[in-house]
Amino acid sequence: MELGSVVQFLDNKSILVTGGTGFLAKIFVEKILRVQPNVKKLYLLVRAADHKSAIHRLHNEIIGKDLFRNLKEKHGKSFTSFISDKISMIPGDISRQDLGVEDSGLIQQVFKDVEVVLNLAASTNFDERYDVALGLNTMGVKYVADFVKQCVKLRVLVHVSTAYVSGERSGLILENGYGVGETLNGVAGLDVDAERKVVEDKLNDLRLQGASDKDITIAMKDLGIHRARVYGWPNTYVFTKAMGEMMLGELKGVIPTVILRPTIITSTYKEPFSGWVEGTRTIDSLAVAYAKGILTFFLGNLDSIVDVIPADMVVNAMIAAVMAHASHQPPESIYQVGSSLRNPMKYFHLQDYGFRYFTNKPWINKDGKPVIVGRVRVLDNMDSFHRYMAFRYLLLLKGLEWANAAFCHFFQGVYSNMNRKINYVMRLVDIYRPYLFFDAVFDDLNTEKLRMAARTSLVEEDVLYFDPKCIDWEDYFMNIHIPGIVKHVFK
Ligand SMILES: NC(=O)c1ccc[n+]([C@@H]2O[C@H](COP(=O)([O-])OP(=O)(O)OC[C@H]3O[C@@H](n4cnc5c(N)ncnc54)[C@H](OP(=O)(O)O)[C@@H]3O)[C@@H](O)[C@H]2O)c1
């Protein structure tokens, strides 16, 4: 595998990116514009009613972000004209056929120009409604593939999936693809059209019963988890992402396709600067809850490996995969991008870094007072968790239920509130449990081949760094990631 020059590769290229307002997409766009200002066009497909609202999103949610500050400084007054020259916004929706794009002139331009497509649009909510997740993470992949087949100069489609399509398996998880209809527990009969019918029937039933929007949402969320578990996946997100991969498998040989499977993506390691992050993502929600004094226990195995990878490394791996597959057709088509094999870190370390960081620099709450954190209680199995909940909350809830019945619903408000919170915690635990007790390592042999190619044949050394071995986790968490989430995520 030879990569050559990234600057030369990107020169005069047109790239289509779906989900342009997303976390990873923004980091990709910034990197391309920084590394090769002579890229021809970045077409960003975003959900928007029309072109005007798409432009509004470009300014507010993409280039208006701190992430673009270096680029803004570099271009000075010409930044706006540079952006309008290089970025073309496409209002659309990947869960619709033809990606919901209505501007035929723009479509023709895309079909004529685009050589590289990155599919980053997704619902990343683990507990998404099944109809939404299926429409986006599964059918959306098919619609994107159908769309890009019409790009006459297409050289590669990179679809970003997730390493956790593996479900709850343990051991070494290889970079293998899913066959159509393959399931994790061997239950036969998985079929995307049948799943769409299940969704349609359920929605029709609910409407016939006159269910409220809220009830429909709850029922569709439950349906997703139920369908995922029928076939062995732990939640709707990873189940629909796995089916999305199956959709691409059907197209093998028709268009050059790459699947990239990152693990848990964290803030930027180096570029455009360290510590940029957006939104509260999986493990960060733990850090936020801990620093604010909300997290009173940690559920999980502290010896489990938590596989995290900085976002700029994922973007670099993406670019390297694009270059490798646009020029040759290497036999590999799935790349797992994580750290568990080459530089594993454990929950124990995460807990320790959080404790040390927030003891030294406590979060100042709304009243201007520092939140004092301590070492939280660790519940290392589900039995301890159930006991903890029973003693601490469920007994109290039962007492409230009796008192409420005895005092003519006087405590109804308190009771309902507590019941809702407990149900919420139980649901979160149910959804995240597989990751807190995760017992697997992601193989990355294919990604390592890409790294080797980058090391030996990339003209611009260091531009595409994505080797997790070089990360000192303590330094990264204490000096980059935690300060990054405090700065960009804490509110
Ligand atoms: N972040 C992680 O830790 C992680 C880890 C592994 C894999 N991944 C994968 O990496 C990819 C990018 O993740 P991310 O963290 O950057 O996600 P993200 O920030 O949640 O962005 C998702 C993007 O998809 C867009 N989108 C949602 N519905 C759409 C629709 N119907 N049509 C068009 N666009 C739509 C969203 O647009 P709106 O702004 O309109 O909602 C948003 O721009 C995803 O495929 C995800 O599964 C992420």
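Every value quoted in this text rests on a predicted model; they were computed, and no experiment measured them.

Now for the overall build of the protein chain. Counting its regular elements, the protein chain contains 17 helices and 13 strands. For 491 residues, the compact-globule estimate of 2.2 N^0.38 gives 23 Å, and the C-alpha radius of gyration of the protein chain, at 24 Å, lies within 12% of that figure. Oriented by its inertia axes, the alpha-carbon framework of the protein chain measures out at about 75 × 55 × 45 Å. Counting the 491 residues in the protein chain, one finds 55% classified as buried. Counting contacts in the protein chain only where the partners sit at least 6 residues apart, residues at least 24 apart contribute 83% of the total. Summed over its atoms, the accessible surface of the protein chain is roughly 21800 Å², and 53% of this surface lies on carbon and sulfur atoms. Distance from the positive charge centre (58 side chains) to the negative charge centre (56 side chains) of the protein chain: 5 Å.

The step from Glu271 to Pro272 runs through a cis peptide bond, and the omega angle for that step is -5 degrees. With respect to the helices and strands, Pro272 occurs in the loop between β8 (264–266) and α11 (282–291). Residue Asn12 is not a glycine yet carries a positive backbone phi of 60 degrees. Of note, the phi angle at Leu99 is positive, near 60 degrees, even though the residue is not glycine. Within the element layout of this structure, Leu99 appears in the loop between β3 (87–91) and α6 (104–113).

Now for the pattern of salt bridges. Under the definition given, this model contains 28 salt bridges. The partner of Asp113 in a salt bridge is Lys40, and the shortest N-O contact between them spans 3.4 Å. Pair noted here: Asp113 is in helix α6 and Lys40 is in the loop between α2 (23–35) and β2 (41–46), with a separation of 73 residues, a long-range link. You can call Lys40 partly exposed: its relative accessible area is 34%. Measuring nitrogen to oxygen at the nearest pair gives 3.4 Å for the salt bridge that ties Lys149 to Asp146. Exposure remark for Lys149: the relative accessible area of 39% places this residue in the partly exposed category. By relative accessible area, Asp146 is classed as partly exposed at 25%. Where salt bridges share partners, they join Arg342, Asp444, Glu448, Arg451, Arg455 and Asp467 into one cluster.

Here we come to the sheet that holds β2. Across the sheet, which stays open at both edges, the seven strands sit in the order β3-β2-β1-β4-β5-β7-β11 with parallel pairing between neighbours. Of all the strands in the sheet, the pair left with one neighbour each is β3 and β11 (334–337). This sheet shows a mean twist of 20 degrees between the axes of neighbouring strands, independent of strand direction. Across the face of the sheet, helix α12 (residues 311–327) comes into contact with β4 (116–119), β5 (156–160), β7 (257–262) and β11 while running at roughly 160 degrees to β7.

For the rest of this paragraph, the subject is the packing of α11 against helix α13 (residues 347–360). The contact between α11 and α13 brings their axes to 11 Å, and the two run at 40 degrees. Of the two possible hands of crossing, α11 and α13 adopt the one that is right-handed. Contact with α11, carried on its side by Ile283, Ala287, Tyr290 and Ala291, involves Leu350, Gly354, Phe355 and Phe358 of α13 and no other residues of that element. In terms of residue class, the contact of α11 with α13 is built from seven nonpolar, one polar and no charged.

Next up on the list: α2. For α2, spanning 13 residues, the distance from its first C-alpha to its last is 19 Å, which sits close to the expected 18 Å at 1.5 Å a residue. Counting buried positions along α2 yields twelve of 13 residues, so the element is predominantly enclosed. Every buried residue belonging to α2 is among Phe23, Leu24, Ala25, Lys26, Ile27, Phe28, Val29, Glu30, Lys31, Ile32, Leu33 and Val35, and all of these are buried.

Time to look at the UniProt feature "domain: Fatty acyl-CoA reductase C-terminal" (unreviewed entry) in the protein chain. In this structure's numbering, the residues bearing the UniProt feature "domain: Fatty acyl-CoA reductase C-terminal" (unreviewed entry) are residues 412–491. End-to-end, the C-alpha atoms of residues 412–491 are 31 Å apart, and along that stretch the chain is 68% helix and 4% strand.

Of the two faces of β4, the one lined by Val116 and Leu118 and the one lined by Val117 and Asn119 are each fully buried. Sheet topology places strand β1 (residues 14–18) next to β4; four bridges connect them, and they run parallel. Counted as the bridge partner of Val17 is Leu118 from β4. Since β4 and β5 lie parallel, the crossover through helix α7 (residues 130–148) that links them has a hand, and here it is right-handed.

Scoring rules and cut-offs
Residues numbered from 1 in each chain as written. Predicted model: local features only at pLDDT ≥ 70, side-chain atom pairs only at ≥ 80, totals over all residues. Heavy atoms only, no water. Helix = DSSP H or I, 4+ residues; strand = E, 2+ residues; numbered from the N terminus. Rg over C-alpha atoms; globule rule 2.2 N^0.38 Å. Buried < 20%, exposed > 50% of the residue type's maximum accessible area, 1.4 Å probe, protein only. Contact = heavy atoms within 4.5 Å. Areas by Shrake-Rupley, 256 points an atom, 1.4 Å probe, with all protein chains shown as cover. Lys, Arg positive; Asp, Glu negative; His and termini not counted. Charge placed at Lys NZ, Arg CZ, Asp CG, Glu CD. Salt bridge = Lys/Arg side-chain N within 4 Å of Asp/Glu carboxyl O. Pairing = 2+ DSSP bridges. Axes fitted to C-alpha atoms, helices over the stretch in contact; angles between N-to-C directions. Left-handed = near helix turned anticlockwise from the far one by under 90°. Nonpolar A, V, L, I, M, F, W, Y, C, P; charged D, E, K, R; others polar. Expected span 1.5 Å × (residues − 1). UniProt positions renumbered as here; feature names shortened; annotations may be inferred. Right-handed = clockwise from strand over helix to strand, strands pointing away.

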